[in-house]
Each structure stands twice: as structure tokens, then as C-alpha cells.
Amino acid sequence: MNDGKTRHVELFDTSLRDGMQQPNLEISVPNAISLLHRMSAFGVRYAEIGFAGANQFVSDLTPALDAADMGEMRLALFGRTRAPGAKVHDWPDVQFMIGHRQRIPAAVVVVKSRLLDVERSLETTPEENLRMAYDTVACLQDHGLEVLVDLEHAMGAACGRREFGAPCDPDFRAHSLDYFHRMTAQCADQRVSRIVVCDTTGGATPEEVAHVISGLVRDYPDARFGFHGHTDRGFGVANARAAVLAGAVQIQGTLVGTGERCGNVNLTTVIGSMQLRGEAEFVPELSLRGLTSLSHSAYDAFSLDVPHGAPIVGPGAFGTWAGMHGSSERKDPGAYLWCDPARVGSIPIIGVNAQSGRANVMLLAEQLGVPLNVAQAQALIEANQAMMEGGGFTASEVSFRLACLRVLKTVPELFTVRTWRVFDESDEAGNRFVQAFMSLSIGGNTIRTTRAEGAGPVDALTRAMRHELEKWYPALQLMKLGRFSVTAIDVSAHDSAAHVRVTVSFHADGHEPWVTAGVSSDLNQAALMAIVDGFHYWLLENLGDADAVTARLVAKGVL
């Protein structure tokens, strides 16, 4: 509930540390630095770059940051308290953080705050754990570092939970809560920069988070508290929101929710969901418009696809594919949206798939600058049943726009694939020979046959097309194919006769990449549909309007 207060809340990103604990997640040092620059420009206050000296990535990234200007964003390293009985100056985590303090001025110290973990994980006494925390914080502060303390299992300690989230017995619960407050009071007395309440297992509820944070804010008025949540119960964003409304001044998480198990709280969701409703201000309003772009940069840096339904930043976050909804959106824009997408750098999308009707087709066509009337929209649906049902137009607005132009009969007759076949032979030794044969109509009149060998059917078909078309349209030499993606559709119902959707990305220097799609029960035909659309798009972009294309073909003697 928005109580009218403007809460200024810091963002602490740990994508390069906690986020990297997700399986099969990698990022290069250059991509990491580029992402940090993007976060700094956006308004992230702290960025944790890794566990002090724990792995090669951190060892490589730390010196690479020497020449990087991160503006007002403070970089941080994560480390443990000294071990039981160890000397703090000999502790490797402390040494690494002190050694890099000129470039990385913040240190995050993880402290065992739950009595159970002190006794069973650290295998030490409660008093020694308090000394370990005190000595580590004091040493880092003495060397000029800003120290933030992560109270590990804080929500478990405060709510009396033990292994597997089971409740502690009453006596142990009381002792555990008392110890949690002793550790918190010690951190407050040492005036650490931020005391971060961690929901380490992601098992807390918003009501519990609100109770714990509000109590700490009340009992330690001179301390500043943060919250670090996980999404194991699906409450990560709700818990972060509860912490902010209860008085937390910092939210820790990862930009796009990466991390072990179910992931850290997704900061882009927290930012958008709260700031768009005036519940908190994480970044300036102007920066908020870059939220979608920033999140997509993060997904790209980690070589992840942006989830279609990712709240606020996903491709489908502000889209509708239902016919009834599309009809309403045409009459009353925004009727099915909870906020204005422009505030986070996005746009509303009217999609076209098997659930869509003429209204969706007409509205999307209008958005793309190729308006259709009712009869034309119906003609498009009837001529593209496979693409509609197989999600081809959802995957590619380029292919949808070309389908509209074909219905309108405004696509110049640049070329048409009249016939094609593929000869594909393999032997038991693994040798393979693939050759494509193709008949092309150029400009509607001239017929040319072409053939080419390739590494596979799609490669051979593409080479055969290029072999002839580049003679007529040299601009094709400037574009290249990128990634292929093949998706089988409804295999359980159709087995090996199922349709497949092929999406193909294209790129050219100085031009935004584009994606096309094809759907067919034949993989090669689906791929060829996508490639033909990709070629047509590029030629239309480079050859101008229909009259100019016609004049060009006449000059070449084709027409």
C-alpha cells in the first residue's frame, strides 16, 4: 500500500558473485565490465564483483577494473570472518580485500547470525563467533574500507527456524533470537555501513520480513538495514517490498534473478513494481526508462535468453495475444496494462498467434505501418494458418510485416523460389554429401536455376540462393545469417509429423539485427521460409520503395 511517503532505497547488485552460483552460467571479464558500466549509469549504488580471491574469475576481473570509471557506484568484495582461533591479519579474505581497497572500497563480511550455524557449521562457541565478526570488521575499517555485514540466516534466526525450515524448540528459539540481537547490536556499535538481513533459504513470508525489519529499525535507530532475499517460495519480490515498506534502506539481489536454487530476488522486478507505483525511488525517473534495456544487456552478458514472461522487462510483459483483448486495446489503449510501458523503456505489444482474431492482426499491422482492413486481415489468417498456429508471427514481426505486404500486394517481385530439392547422402563412415537445387524467378519473368553444396540442407539451400541472387542484388553480400533456433510443436499429438518452427537471425554492419521465422511439417521448408523472409527484408531495406525497385529491374533488363 502506498502511504504517500517517498522512500529512497539503494540497489546492491550481486550478479557477479551470488548470481554466478547458478549452474551453466558464465560471463567474460569484458562483458562483466561492460555490464558494471551499464549498472553504474542506471543508478545502482553498489555492485559486488565476487568472493575475495575465491576463483580465477575474481582474480582476473579485479585488476581489469583498475582503469574502469564506475562513477558513483561503489564496487565491493565479499568475504568471510576470520576462522576460529585465526589471526585476522593472516586471513586470506581480509588480505585480498585490503590489497585491493584503492579500487574496490567496500567490503561485505558474511557473519553467522543463527546459533545453530555457529555450533554446527563453524563448530565454535557463540563468544568466539562474536569475536571473529568484531575483529574482521574492525580490521577492515582500520584500513579505510566501508564495511557492510550480511547476517546469514537472519530470517531463520529471528523467526526460530532450523534445518529444512522446521521450528526450533521454545528454549533454543529464545537463545537463538537473543544471540541474533547480540550480533546485530555489535554490528550497530561498530557502526558498520549497512546491516543486511538475509533470507538465506528464501523461506520467509512478507509478514515475517515486515515484522523483523520494522523491529530492527525501531530497536537500532542509528543503524541502517538492508535486505537480501531469495525466491525459493516465490516470495522474493514480495519480501523485498515488505522490507522497504518496513524501513530497509537497501535491497540486495541480482539484476535478472540469477543465483543458486531458485535464484536471488530479481532487482529489475523490484525496481519496476515499486517505483512505477510510487512506493519507492531506486533510481531517477529518467534512468527508469532504461530498465528494459539494462535487463536485456544483463541477459545477453550471461548468454541467457530473455524469458518471454519476465515481469516488466520480458518480451511479453506488456503484450496480449487474445482476440477479445486485442479488440479492446484498439478501442481503449491501456485497458489491459497495469502501467505505462514507456516509463521502463518498453512498448505495448499486440501479438498474433492461434488465439488471435482479426482485431489483433489489424492492430499489429497498424502498429507496423501496414494497416489492413477486415477482409485483408481475414485473408492473412487464411493464407498463414501454419504460421499463426505455430507461433511464427510471435517469433518474428518482420515475417508478419512481410505477410501483410503480400496481402496488400505491395511487395515488389524481387524473387520467388519456384521449386527446390535437396540431395542428402551419408554413409556409415560418417561422410556426408549435401547439394541443393533450386529454380528462381527473378523479377517475375526471368527464370534461373542454381545449385550449391553445403554442410547441411539449410546451408546448401542458402548457398544456392546466394549464388544466383547476389548477381542481381549485390546488397545481399553485406548481410550474414546468425543463429538458428528450431522448435518442435505439439510432438505428443503428432509424433514425427509435428510441425517445426525455425527462427533465423540476420545481421549486417551498421544495422540492427533482425529475426524471421518459418513453420512447416518439413524442417528444411520451415528454414527456407525464414531465410526467404530474411533476404526479402534486407532487399526492401536497401532497394527502396516498389517504384524504385521496378526501375532497377527494368534497367537490368529483367522486366
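Anything mentioned here points back to the structure above.
Residues numbered from 1 in each chain as written. Predicted model: local features only at pLDDT ≥ 70, side-chain atom pairs only at ≥ 80, totals over all residues. Heavy atoms only, no water.

*Asks:* What should I look at first to understand the environment of Thr14 in this one?
*Replies:* Following the sequence through the fold, Thr14 ends up in the loop between strand S1 (10–13) and helix H1 (29–42). Non-local contacts of Thr14, meaning those with residues more than four positions away in its chain, are made with Gly19, Glu48, His228, Gly253, Thr254 and Asn264. (Helix = DSSP H or I, 4+ residues; strand = E, 2+ residues; numbered from the N terminus. Contact = heavy atoms within 4.5 Å.)

*Asks:* How should I be thinking about the sheet that holds strand S13 (residues 446–453) in this particular structure?
*Replies:* Hydrogen bonding along the main chain pairs the strands of a sheet, whether they run parallel or antiparallel. Reading across from one edge, S11-S12-S13 is the order of the 3 strands in this open sheet, with antiparallel pairing throughout. One side of each edge strand has no neighbouring strand; the edge strands of this open sheet are strand S11 (415–426) and S13. Here the strands of the sheet are splayed against their neighbours by 10° on average, with no regard to which way each runs. Pairing analysis gives 8 bridges linking strand S12 (residues 432–442) to S13, with the strands arranged antiparallel. Of the residues in S13, the one forming a bridge with Ser441 is Ile447. (Pairing = 2+ DSSP bridges. Axes fitted to C-alpha atoms, helices over the stretch in contact; angles between N-to-C directions.)

*Asks:* Is there a simple way to explain unusual backbone geometry in this structure?
*Replies:* Excluding glycine, residues mostly carry a negative phi; peptide bonds, for their part, are mostly trans. A positive phi angle, close to 55°, is found at Glu123, a residue other than glycine. Along the chain, Glu123 falls in the loop between helix H4 (115–120) and helix H5 (126–142).

*Asks:* What is the right way to read the nonpolar core from this model?
*Replies:* Side chains that are nonpolar tend, in soluble globular proteins, to be buried together. With 101 residues, the main nonpolar core has Leu36 and Phe282 as its most contacted residues. Looking at this core element by element, the count peaks at 7 residues for H1. Among residues more than four places away in sequence, those in contact with Phe282 are Val9, Leu11, Gly43, Ile251, Val270, Ile271, Met274 and Gln275. In this structure, Phe393, Ala452, Ala460 and Trp514 belong to the second largest nonpolar core, which totals 60 residues. (Core = buried A, V, L, I, M, F, W, Y, C linked by side-chain atoms within 4.5 Å. Buried < 20%, exposed > 50% of the residue type's maximum accessible area, 1.4 Å probe, protein only.)

*Asks:* Hey, could you run me through helix H21 (residues 523–543) in this one?
*Replies:* Owing to its 3.6 residues per turn, the α-helix aligns residues three or four sequence positions apart on the same side. Helix length check: H21 (21 residues) gives 30 Å between terminal C-alpha atoms against 30 Å at 1.5 Å per residue, within 8%. Burial analysis of H21 places 16 of its 21 residues in the buried class, which makes it a mostly covered element. N-capping of H21 is provided by Asp522, with a side-chain oxygen placed 3.0 Å from the backbone N of Asn524. (Expected span 1.5 Å × (residues − 1). Polar contact = N/O pair within 3.5 Å; in protein donor to acceptor, adjacent residues only side chain to side chain.)

*Asks:* How should I be thinking about the environment of Gly50 in this particular structure?
*Replies:* Position of Gly50 among the secondary structure elements: in strand S2 (residues 46–51). Expressed as a C-alpha distance, the spacing of Gly50 and Ser121, which sit 71 residues apart in the sequence, is 22 Å. Setting aside residues up to four positions removed in sequence, Gly50 forms contacts with Leu16, Arg17, Val58, Ala76, Leu77 and Phe78.

*Asks:* In this structure, what is going on with the pattern of salt bridges? I would like to understand it.
*Replies:* Opposite charge on two side chains allows them to pair when their charged atoms are near. This model, assessed by the stated rule, comprises 26 salt bridges. Glu146 serves as the salt-bridge partner of Arg74, at 2.6 Å between the closest nitrogen and oxygen. Of this pair, Arg74 sits in strand S3 (residues 74–80) while Glu146 sits in strand S5 (residues 146–152), and the two are 72 residues apart along the sequence. By relative accessible area, which is 15% here, Glu146 ends up buried. Here Arg241 and Glu279 are joined by a salt bridge, their closest N and O atoms 2.6 Å apart. Taken together, the residues Arg241 in helix H9 (residues 236–246) and Glu279 in the loop between helix H10 (267–275) and helix H11 (285–288) connect sequence positions 38 residues apart. Each of Arg82, Glu128, Arg131 and Asp135 takes part in one network of salt bridges that share partners. (Salt bridge = Lys/Arg side-chain N within 4 Å of Asp/Glu carboxyl O.)

Just geometry here; none of it tells us what the structure is for.
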